[in-house]
Number of protein chains: 2
Amino acid sequence: MTQPSSHVTAPLKDELDIVIPTIRNLDFLEQWRPFFQPYHLIIVQDGDPSKNILVPDGFDCELYNRNDVNRVLGPKSSCISFKDSACRCFGFLVSKYIFTIDDDCFNWKVAEDPSREEINALAQNVQNLLTPSTPFFFNTLYDPFREGVDFVRGYPFSLRGGVPTAISHGLWLNIPDYDAPTQLVKPLERNTRYVDAVLTIPKGTLFPMCGMNLAFDRELIGPAMYFGLMGDGQPIGRYDDMWAGWCAKVIYDHLRLGVKTGLPYIWHSKASNPFVILKKEYKGIYWQEDIIPFFQSVVLPKDCTTVQQCYLELSKLVKEKLSPVDPYFNKLGDAMVTWIEAWDLLNSPAQEAAAPVDGVKKN
Amino acid sequence: MTQPSSHVTAPLKDELDIVIPTIRNLDFLEQWRPFFQPYHLIIVQDGDPSKNILVPDGFDCELYNRNDVNRVLGPKSSCISFKDSACRCFGFLVSKYIFTIDDDCFNWKVAEDPSREEINALAQNVQNLLTPSTPFFFNTLYDPFREGVDFVRGYPFSLRGGVPTAISHGLWLNIPDYDAPTQLVKPLERNTRYVDAVLTIPKGTLFPMCGMNLAFDRELIGPAMYFGLMGDGQPIGRYDDMWAGWCAKVIYDHLRLGVKTGLPYIWHSKASNPFVILKKEYKGIYWQEDIIPFFQSVVLPKDCTTVQQCYLELSKLVKEKLSPVDPYFNKLGDAMVTWIEAWDLLNSPAQEAAAPVDGVKKN
């Protein structure tokens, strides 16, 4: 259930980090203060590292710029994109639960539910993560773990325990997350419908994961949440979250984990310029016609029992099956391997005991 | 979109029949008059055929009792259940589009949407049927063919045409469609949440199809909508709609058709007695633990290209794989074959030209 702002709770306060990629001052945090202030914020500064990013007072906030990324990861920093929101995944390398949002203060804000209460998106995402998913059979009343709902007649009892939820995918009111062609064709379309539902994406079904309002359990699925090589020096942008979503989905289908989509909503107030984003995403529009059948047909070996093993196996398949589409996928497959090396570098028990990874402490 | 009662439309007026199984007078039709009066009603009278069923004046209504069923189908009438709402599928043997609902006037009524408009369930079901389904990839804003919604970023363009929709599965406010154990445990639980969404059940995912508020395109999927052997003389009841749903789902996955669930809602006002229904459904509660893995693993041969071919193939698999669970499934597999024979009997071009199937014209 979403929490009205007058009764703010801070679930998982000591286990959850908020990860925000940014190129600008974070004044927008002001409007989220009641919901975000109890948490640790990880800011990944994109672009020029000499620029000073201002964060409003009173937030527990750590900032990493490109120099920090290079210092922490050394040569493995090549897997972290530059000048693209994909750089956020550097922040995924630490913590237990992650909530990540975009940084543009003009672009999104706190939404209201139909009773005009402000929606605590973080609390609802956490609730989605802390209740099981049901990927093996569809429940027509949607999330059976929500108060006042259960499994309907005909739902096998042996499946009612569900599986752990690895990802919570929240949605957006007002500006929908459309690609450039759709934005060009429907410049005035707005999402005004508050759909009061959370549901599990069924096993075997791919979905378009958007990074705007996203939470996940890093211990369950973190190594699969790599946002790829996008932006500066790459032939493609705006597919960072999609790529992570497709990789993660085939892996948690294999490992019997779940993803939920639906509530909570955030308010998305400013559309991108479709002419600008068309340039970033047009190759993806072609490539996804091959990428989707590839992911639909991926079968991971039974002996892959950890996310890391699955991801390395997937990187091989990406190079083998997608490099005929474009040589970029060879480079991406290599970066996937580097990402896992970076993950292991920062998450080995020795590393954790010896030298905590530090950015610049703000405030 | 649901239609307010003040602007009632009657889509597919000459192609859609409303099928209602009943054992009692149909006074409840009075409250649905603005929505149903333009349509042809097929009443399947369950139980004692000598009982006179009263229908309110002004409806275009045809009634079939058990004697009619026996007369029309001869020995093939053995596939039509007696003393169970499964008898409704006799009414499916004619017409183009079908909307079917339960008959209990105390049990369900016209629901209202959040703006207090009465919901024209028939019109919304027809709208669901007349727009495509999207079973191959999940759209996070739900039905992209609804006004004001489209496919989101990352949705492959080659899949945006969708596939024909064979089934529209509407939902219920107030009393949820729970099995006996859940009703016993949660006697006071009510569904109060109006979820303003229609969505496609993805390919490869089974769902619990409820017959309370259901429409389908008979020409696309009719022969798969057999409600099985239930009720009088059978070891099981209350699984008629579930059985039809599971059979239909594997067949339209094979034939690249779609099913939508969600809107419209009807109001379900009276719960069944859980002690009575426990007796009817308890074997199903065991059996579904084997039935679901069976349907999840069914692969139909590529050369099955019609619903009839698929259904006959499925009947063989039911006998082979489920009869070890209980000999009932042998009998059910035979009845599935008889059902297809009955279908072909009443739907051959010669039959249609020669002798229309007539029940008793009411009103």
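Refer to the structure above for everything that follows.
These numbers come from a predicted model, not from an experiment. (Residues numbered from 1 in each chain as written. Chains lettered and ligands numbered in written order. Predicted model: local features only at pLDDT ≥ 70, side-chain atom pairs only at ≥ 80, totals over all residues. Heavy atoms only, no water.)

### Remarks on the pairing of strand β1 (residues 16-22) of chain B
All names here are of chain B.
- Of all seven residues in β1, seven are buried; the element is thus mostly enclosed.
- Alternating positions in β1 separate into two faces, Leu 16, Ile 18, Ile 20 and Thr 22 on one and Asp 17, Val 19 and Pro 21 on the other, with burial throughout.
- Sheet topology places β1 next to strand β4 (residues 97-101); four bridges connect them, and they run parallel. By the bridge assignment, Asp 17 is partnered in β4 with Ile 98.
- In terms of strand pairing, β1 meets strand β2 (residues 40-45) through six bridges, oriented parallel. Its bridge partner being in β2, Thr 22 is matched across the sheet by Gln 45.
- Of the crossover connections in this fold, the one passing from β1 over helix α1 (residues 29-36) to the parallel β2 is right-handed. (Buried < 20%, exposed > 50% of the residue type's maximum accessible area, 1.4 Å probe, protein only. Helix = DSSP H or I, 4+ residues; strand = E, 2+ residues; numbered from the N terminus. Pairing = 2+ DSSP bridges. Right-handed = clockwise from strand over helix to strand, strands pointing away.)

### What to know about the pairing of strand β6 (residues 165-174) of chain A
All names here are of chain A.
- Most of β6 sits inside the fold, with 10 of its 10 residues counted as buried.
- Across nine bridges, β6 lies against strand β9 (residues 258-268) in parallel orientation. Paired with Ser 168 across the bridge in β9 is Lys 260.

### Points about the relation of the copies chain A and chain B
- For these two chains of identical sequence, chain A goes onto chain B by a turn of 180° and a shift of 0.0 Å along the axis, with RMSD 0.0 Å. Both copies are brought into coincidence by an operation consistent with a two-fold rotation axis. Minimal C-alpha separation from the rotation axis in chain A is found for A:Val195, amounting to 2.8 Å. (Least-squares fit on C-alpha atoms with pLDDT ≥ 70 in both.)

### Considering the layout of surface pockets
All names here are of chain B.
- Put simply, the second largest pocket is a space of about 870 Å³.
- The wall of the second largest pocket is formed by 34 residues, among which Ser 85, Asp 102, Arg 238, Ser 272 and Lys 280 lie closest to the centre.
- When residues of the lining of the second largest pocket are traced back to their parent elements, those giving at least two are β1, α6 (240-255) and α7 (274-297).
- A per-element tally of the lining of the second largest pocket places α7 first, with three residues.
- By residue class, the composition of the lining of the second largest pocket is 11 nonpolar, eight polar and 15 charged. (1 Å grid on protein atoms, 1.4 Å probe; cavity = no way out; pocket = protein on both sides within 12 Å on 5 of 7 lines; lining within 4 Å. Points joined across faces, edges and corners; volume = space filled by probe spheres on them. Nonpolar A, V, L, I, M, F, W, Y, C, P; charged D, E, K, R; others polar.)

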